[in-house]
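# Remarks on the overall topology
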Amino acid sequence: TEGLPVPRSGCSAGSFRPQGQCTLLVTDISGYGRHHAQEAVRAEHYRMLEAGLRESGIQLGGCYVEDRGDGAMVAVPAHHDPLLLVHPFLEELQYQLRGYNRATAPPDRIRLRVSLHVGKANYDGHGLTGTAVNFVFRLIGARRFKDQFRESDRSLAVITSNDIYELVRRRAPKHIDPGDFDPILVREKETETTAWVRLSGKVELDDPGRRPHQTDL
């Protein structure tokens with residue numbers, strides 16, 4: 001990446017240390033374990049992430065970034081409008097995915113899951129804590145969300161909290177259609193909530209008649 005080196009797995013980077021309200025973004029590279037060149041895929045994931053944020057007027061180096069091995073958690077400072085993480089961030093991320101996948105052999109094409117939420121998070125010297133942090137991870141790990149993505153041929157799957165969706169519904173710019181998001185019921189551990197899902201892009205599989213394998217997620 002241009003502005004922020006790829007963090008070592010399990011480590012944090014960026015200059016921001018949350019102590020309160022922020023926007024939380026989690027990414028997960030689906031089927032990461034099957035990729036032959038995992039370090040290259042990790043680097044490409046961070047390049048795409050940084051490009052999407054930069055298009056939104058957000059510097060990755062000015063956020064809190066926690067590496068998750070097959071993805072990342074990013075906390076964006078509250079002075080940035082959370083809607084920026086819907087548009088233009090998601091469109092730029094899809095554009096970056098499309099360009100990468102078109103130039104890449106089928107086994108190493110990237111399919112990405114993203115979750116978005118807004119809430120309070122606190123840095124305690126080791127990482128982020130707070131119910132909002134737990135919640136955004138419940139969203140990205142939701143079984144119905146993962147199943148829906150696995151059964152599709154899409155390259156980008158986004159799940160947002162109801163808080164984010166309400167922002168979209170109330171004051172979305174013309175580039176965002178709230179009708180593109182479908183509600184799902186999330187039941188994960190102690191969490192039961194309505195979330196909103198949008199699938200986009202198309203990834204060509206090595207066999208056009210094949211659905212993504214269970215290990216893709």
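Residues numbered from 1 in each chain as written. Predicted model: local features only at pLDDT ≥ 70, side-chain atom pairs only at ≥ 80, totals over all residues. Heavy atoms only, no water.

## Considerations on helix α5 (residues 162-171)
An α-helical turn contains 3.6 residues, so a residue and the one three or four places further along point in the same direction. Those residues of α5 lying buried are I164, Y165, L167 and V168. Seen along its axis, α5 keeps its buried residues to an arc of 155°; they face one direction. Structurally, α5 contributes buried residues whose contacts are with β5 (112-123), β7 (156-160) and β9 (191-200). (Buried < 20%, exposed > 50% of the residue type's maximum accessible area, 1.4 Å probe, protein only. Helix = DSSP H or I, 4+ residues; strand = E, 2+ residues; numbered from the N terminus. Arc of directions from axis to C-beta. Contact = heavy atoms within 4.5 Å.)

## Remarks on the environment of P82
For P82, the position within the fold is in the loop between β4 (71-77) and α2 (89-102). A relative accessible area of 15% means that P82 is categorised as buried. Taking C-alpha positions, P82 is 9.0 Å from L116, a pair spaced 34 residues apart along the chain. Among residues more than four places away in sequence, those in contact with P82 are T23, V118, I164 and L167.

## Overview of the environment of G125
Along the chain, the position of G125 falls in the loop between β5 and β6 (128-129). Note on G125: relative accessible area 45%, which makes it partly exposed. For the pair G125 and R17, spaced 108 residues apart in sequence, the C-alpha to C-alpha distance is 9.0 Å.

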